[in-house]
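What follows is each chain in one-letter form.
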Amino acid sequence: MTGNIMTWFNIGRRSVVGRVSWLHKTQTLFSRKFINFGLVPKSLRRLSMLPMFRQFLIPCSTKLTCIVQVKYVHEGAESESDSELEDSPEEAIDLFSQSETLSFRQLLCCNSEHPLIKQLNASTSVQDVFNFVKEHEYELDGQLVSQVVVVLWDLQKSFSKVNVLDLCQNQVTSSLLNSCNILNNYINEVCGHQDFEMLLQLVDRWNGDMSVDALTATLLYLNKMGVSVYHPVMQKLISRCESAVECYGPRFPLSALSRFAVAVHSRRGLWPIFVAKMMLPRILAGIESCNNVADFQYLSICLINICQLVNCTLLNAYKSKVDDLVGNGIITAQDSKAITKAVRFLNLPQWSHQNDPTIRKLLLVLKGNICGVSPTDLITIHKVLQNMLEPADIVDEMHEAASQLLSQVENEGVSSSPIAFKCITDLLSCLVSFSSPTQKLALEKLVQQHIEEYSSALYFPALFRILRQLNTSNVELYDAFWTRTLDIMQNMPTEREYYKLFQVSHRYMYFNNNLSGRYRHYELERQMIQWLWNEVENGTIGILPSKFAQVTSFILAYGNIGQRRSVISESALTQMVCKVLDMKLQFSKLDCMYISRGLQIGKILASQRSISSRFLDVFTKIDTAMNSCAQQHLKEEVLSLPDITIMMRTYISRSNAWETQLFENLIKSFNFRHEKLSGVTSSKLLRDISASMLTTNCLIPSMSDQLVNYVVENGDHILGDTAVKLLYMCYSLGYMPAQAESFFSVASNVILRDKERMQVLTLLQAAIALCFFHRLPEELVHFIFTVDFLGRLDEEMLHCYAKESYCVRVRHAMMHLNRAVCIDYPETDVPWFHEKYCQQVAALSNVV
């Protein structure tokens with residue numbers, strides 16, 4: 001593991017790592033006449049024909065993996081989610097696969113001996129395909145027409161592959177265009193060609209002769225090539241697919257159903273939902289009869305795309321099928337694609353808290369084989385792990401896999417590609433999350449370089465995750481990131497669509513929260529508020545409670561209400577308050593949490609300046625409205641423990657009073673529902689409940705014991721940080737758990753396992769708590785009281801962001817632990833070295 005860590009320390013666009021071997025290929029896969037529209041330089045050739053300086057450097061390995069990702073740009077292909085947890089999916093291509101083209105072209109006509117099929121599959125350019133269509137126009141049928149579409153789509157994929165390599169080599173072209181520009185030009189040229197219009201007419205003529213597989217493939221790949229789903233021919237295809245689903249029922253192939261679902265949901269709005277509703281009976285029947293991995297993967301793809309229609313019955317049936325397939329050994333570690341699709345569906349924000357055990361079960365199937373998954377699958381798994389905070393069993397494997405993949409992109413020609421660059425950034429985010437504080441410092445310079453080259457919105461999510469984990473004192477790094485983000489949004493109108501504005505505002509608030517609310521980028525805040533309020537006035541956001549709640553949250557937090565630099569007018573502010581009061585009974589628990597966080601930030605910033613009572617009344621009215629919402633939510637008959645936890649966190653965000661009627665009602669709800677905790681407990685829920693009890697100084701013994709039981713039963717899956725949260729809560733509230741011996745033993749082992757990755761303050765808090773219960777392992781004592789650890793402590797304090805508070809907490813915790821160990825563990829021979837510190841603190845207290 002040490003070798004791998006040192007490998008990625010040296011990762012950079014101009015560094016060379018380890019011994020490499022060249023991958024040689026001599027088979028010609030297509031000719032230079034790839035497309036005859038003047039778009040592609042004559043020198044543009046397939047990967048197999050590239051000269052040595054254009055090929056990838058890859059480590060010696062029997063398994064060849066390419067981390068380059070290609071995002072196919074076509075109309076309406078945006079993400080369906082407004083959540084930071086769900087980024088738009090991207091299709092990964094193995095650029096080393098010789099058989100990819102040939103196998104893909106066999107999608108609809110496997111091993112066909114039809115002479116026209118063979119001639120069509122041999123096409124090496126778009127013009128070849130169009131010539132074939134004109135030459136054999138009167139010999140074509142539904143099968144051949146659908147095959148024409150498949151071959152054209154395959155050529156577009158091939159163009160994307162070569163474009164990734166060619167763009168990064170041609171500096172002049174790269175300075176004028178990016179990969180998406182070139183691909184869009186390609187799509188426009190092909191779709192605007194008169195022969196392509198002829199193809200659409202043939203599709204219109206022959207779609208009645210197509211099989212359901214051919215029908216759905218034609219629909220999907222025409223859409224991927226830029227044909228809108230609202231085109232008359234596409235509408236006809238969709239209508240035929242609908243009729244076929246209704247007619248065939250359980251006999252409709254799941255492979256075709258998954259293509260239909262993806263094609264229909266390439267657009268936003270209500271129309272795709274109405275189209276998709278007829279898929280539900282087929283999906284439910286498919287879940288019941290599913291007995292193989294391929295069908296399971298198709299079902300997962302369908303459910304991801306129709307997630308708005310999934311109810312509890314369908315979700316529970318799917319989870320039950322996962323249990324059966326995993327329990328019977330049908331899903332194995334080699335099925336990483338199917339597992340990744342499944343956990344992506346189960347991790348959607350609207351129900352992720354219900355699916356933690358199932359997600360953990362699927363991820364544990366991959367244990368021992370993480371290094372064998374593709375880069376895109378690894379990145380998806382990492383995002384899920386970040387949300388779930390477990391299982392810890394696969395963290396080291398993920399770290400090693402990301403290190404190995406990053407070592408494969410040391411060649412400058414590859415790493416400078418815009419699309420490869422995005423994947424590198426994603427992989428770096430996998431490393432940062434579970435790296436030690438010292439390792440994070442080594443990554444900071446590399447991240448600086450990535451931010452300087454941050455020129456596309458594609459990089460934003462990964463760079464955001466990296467910065468959020470670094471927690472550095474380098475303010476210039478933060479300024480550069482948010483300034484570059486603002487520049488991209490100002491220069492690209494497509495990046496100012498409402499759901500993208502929500503993503504940026506949501507991330508900015510959480511980023512600021514991680515830095516104790518001390519970081520501000522005023523120009524970004526001002527511009528974001530203008531764009532968001534414009535959506536309220538001119539779009540539909542003002543009438544959708546869930547969307548308006550996010551706008552309100554950001555304005556409350558950063559609108560500088562009542563201050564000289566206020567960026568919102570009094571009339572707009574009055575309108576906002578009125579809308580909140582009108583919508584208060586329609587806000588969900590999550591909506592209330594968003595608003596309350598904005599309220600919390602706004603109150604803190606307002607308290608630092610003198611503002612009039614007129615503006616303070618804004619906060620009071622919204623606070624009262626949120627309390628009313630909470631009381632209303634508590635009356636719901638179906639209220640889960642995660643619901644109560646969200647409501648408690650919401651209350652804590654906007655209030656520090658623990659003697660109110662609402663707080664008492666929330667505690668009663670906790671007590672009433674704690675018996676349901678087993679079976680739905682997760683690391684994330686454990687952290688939230690522990691933090692709530694610690695913040696409010698309110699102990700619920702029975703619930704604490706349930707949390708302790710979860711740690712005891714799932715010790716191998718728990719992260720060290722999670723165990724410390726519960727351990728420190730028990731220490732602070734003076735609670736001895738029922739399973740004390742087992743809990744302290746498991747917690748100690750978990751902390752010792754993760755001690756290199758944990759922050760100094762977290763490790764000190766763990767040691768103080770264990771010392772209080774007389775369960776402090778001697779190994780941990782000898783780890784902390786060393787010159788190396790004290791050097792790590794000084795280094796972390798030097799580079800932390802909130803020096804005013806964090807450094808004081810670390811010094812005080814170190815003194816507290818030093819005193820406790822000297823008194824309770826004299827046999828460890830740890831000296832008392834905080835005499836001067838205590839004298840300084842006492843002197844400062846006397847002055848104050």
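No experiment lies behind these values; they were computed from the predicted model shown.

Novice: Would you take a moment to explain the overall build of the chain for this structure?
Specialist: The secondary structure content of the chain amounts to 41 helices and four strands. Across the 848 residues that make up the chain, the buried fraction comes to 57%. For the chain, contacts bridging at least 24 residues in sequence account for 76% of all contacts bridging at least 6. Of the roughly 35200 Å² that the chain leaves accessible, carbon and sulfur atoms contribute 51%.

Novice: Explain the packing of helix α4 (residues 126-135) against helix α8 (residues 194-206) to me, please; I cannot follow it from the model alone.
Specialist: The geometry of a pair of packed helices is captured by two quantities: the angle between their axes and the separation between those axes. Running from N to C, α4 and α8 cross one another at 50°; their axes reach a closest spacing of 10 Å. Considered as vectors, α4 and α8 are oriented oblique to each other. Two packed elements cross with a definite hand, and for α4 against α8 that hand is left-handed. Every residue of α8 that contacts α4 at Gln127, Phe130, Val133 and Lys134 is listed here: Asp195, Phe196, Met198 and Leu202.

Novice: Honestly, the side chain of Asp591 in this entry has me stumped. Any pointers?
Specialist: Looking at the secondary structure, you find Asp591 in helix α29 (residues 589-607). As a buried residue without a salt bridge, Asp591 has its nearest oppositely charged side chain in Lys547, at a separation of 8.4 Å. The contact partners of Asp591, leaving out residues within four places of it in the chain, are Pro545, Ser546, Ala549 and Gln586.

Novice: Can you help me understand the pattern of salt bridges in this one?
Specialist: For the structure on display, the rule yields 23 salt bridges. Lys500 is the partner of Glu495 in a salt bridge, and the nearest nitrogen-oxygen pair spans 3.2 Å. Accessibility expressed as a relative area gives 18% for Lys500, which makes it buried. Between Arg526 and Glu523 there is a salt bridge; the shortest N-O distance is 2.3 Å. Here the residue Arg526 and the residue Glu523 both occupy positions in helix α26 (residues 522-538), the gap between them amounting to three residues, near one helical turn. For Arg526, a relative accessible area of 27% gives the class partly exposed. What makes Glu523 partly exposed here is its relative accessible area of 34%. Several salt bridges converge on common partners, so that one network encompasses Asp396, Arg753, Asp754 and Arg757.

Novice: Before we go on, may I ask you to explain the packing of helix α13 (residues 279-289) against helix α14 (residues 293-305) in this structure?
Specialist: Relative to each other, α13 and α14 sit at 145°, their axes nearing to 10 Å. Crossing angle aside, the handedness with which α13 passes α14 is left-handed. Residues Ile283, Gly286 and Ile287 of α13 pack against Leu299, Cys302 and Leu303 of α14. Each residue belonging to the contact of α13 with α14 can be placed in one class, and the counts come to five nonpolar, one polar and no charged.

Novice: Explain helix α25 (residues 498-514) here, please?
Specialist: Since one α-helical turn is 3.6 residues long, residues separated by three or four positions face the same way. Between the first and last C-alpha of α25 there are 25 Å, a value that for 17 residues agrees with the 24 Å anticipated at 1.5 Å per step. For α25, a buried count of 14 out of 17 residues is recorded, marking the element as mostly surrounded by other parts of the structure.

Novice: Honestly, empty space enclosed by the protein in this entry has me stumped. Any pointers?
Specialist: All chains considered together, the criterion is met by nine cavities of 30 Å³ or more. The computed volume of the largest cavity comes to approximately 230 Å³. Along its surface, the largest cavity is lined by 18 residues, and Pro437, Lys440, Leu470, Asn471 and Glu796 are the ones closest to its centre. Looking at the lining of the largest cavity, the elements that each hand over two or more residues are α22 (437-452), α23 (460-470) and α39 (787-799). The element best represented in the lining of the largest cavity is α22, accounting for five residues. Residue composition of the lining of the largest cavity, grouped by class: five nonpolar, seven polar and six charged.

Novice: What is the right way to look at the side chain of Asn387 in this model?
Specialist: Here Asn387 shows up in helix α18 (residues 375-388). At 2.7 Å, the side chain of Asn387 and the side chain of Asn347 are in polar contact.

Novice: Sorry, what's going on with unusual backbone geometry here?
Specialist: Excluding glycine, most residues fall at negative phi; most peptide bonds, likewise, are trans. The step from Glu390 to Pro391 runs through a cis peptide bond, and the omega angle for that step is 5°. In this structure, Pro391 sits in the loop between α18 and α19 (395-406). Phi is positive for Asn697, close to 55°, though the residue is something other than glycine. Its location among the elements puts Asn697 in the loop between α33 (683-696) and α34 (701-713). Phi angles above zero are rare outside glycine, and Asp829 is one such case at about 60°. Tracing the chain through its elements places Asp829 in the loop between α40 (803-824) and α41 (835-847). Note on Asp829: relative accessible area 67%, which makes it exposed.

Novice: Looking at this structure, I do not really get the environment of Met797. What am I missing?
Specialist: Here Met797 lies in helix α39. With a relative accessible area of 8%, Met797 lands in the buried category. C-alpha separation for the pair Met797 and Ser473, spaced 324 residues apart in sequence, amounts to 9.4 Å. Aside from chain neighbours lying at most four places away, what touches Met797 is Lys803, Cys807, Val810 and Arg811.

Novice: What should I look at first to understand the confidence of the model for the chain in this one?
Specialist: Low pLDDT marks stretches whose predicted atomic positions should not be read closely. With 79% of its residues at a pLDDT of 70 or more, the chain has an overall mean of 79. Across residues 165-179, where pLDDT falls below 50, the model places 25 contacts with residues more than four positions away in sequence or in other chains.

Reading the values: rules and limits
- Counting restarts for each chain, with residues numbered from 1 along the sequence as it is written.
- Predicted model: local features are reported for residues with pLDDT of at least 70 only, side-chain atom pairs are reported and counted for 80 or more only, and whole-chain, interface and lining totals are derived from all residues.
- The basis for every side-chain value is the complete set of non-hydrogen atoms in the structure, without hydrogens or water.
- A run of DSSP states H or I qualifies as a helix once it reaches four residues; a run of E qualifies as a strand once it reaches two. Both are numbered from the N-terminal end.
- Residue exposure (1.4 Å probe, protein chains only): buried if accessible area is under 20% of the type maximum, exposed if over 50%, otherwise partly exposed.
- For this analysis, residues touch if any pair of their heavy atoms sits within 4.5 Å.
- Under the convention used here, a 1.4 Å probe and the Shrake-Rupley method define accessible areas, while residue burial counts only the protein chains that appear.
- The convention used is that axes are lines fitted to C-alpha atoms, helices contributing only their stretch in contact, and that angles between N-to-C directions extend from 0 to 180 degrees.
- Just so you know how the angles are binned, under 35 degrees is roughly parallel, over 145 roughly antiparallel, 65 to 115 roughly perpendicular, and the rest oblique.
- Left-handed describes a crossing whose near helix is turned anticlockwise from the far helix through less than a right angle; right-handed describes the clockwise counterpart.
- We treat Lys and Arg as the positive residues and Asp and Glu as the negative residues; His and chain ends play no part in the count.
- Take a side-chain nitrogen of Lys or Arg and a carboxyl oxygen of Asp or Glu: if they are within 4 Å of each other, that pair is a salt bridge.
- In this classification, the charged set is Asp, Glu, Lys and Arg, the nonpolar set is Ala, Val, Leu, Ile, Met, Phe, Trp, Tyr, Cys and Pro, and all remaining amino acids, among them Gly, are polar.
- Each residue after the first adds 1.5 Å to the expected span of a helix.
- Using a 1 Å grid laid over the protein atoms alone, points where a 1.4 Å probe fits but cannot get out form a cavity; open sets with protein on both sides within 12 Å along at least 5 of 7 lines form a pocket; any residue with an atom within 4 Å of a point counts as lining.
- Grid points are joined across faces, edges and corners, and a volume is the space filled by probe spheres set on the points.
- Any N or O atom pair separated by 3.5 Å or less is treated as a polar contact, with the protein-specific requirement of one donor-capable and one acceptor-capable atom, and with residues adjacent in sequence counted only for side-chain atom pairs.
- Confidence of the predictor in every single residue is expressed as pLDDT, which spans 0 to 100.

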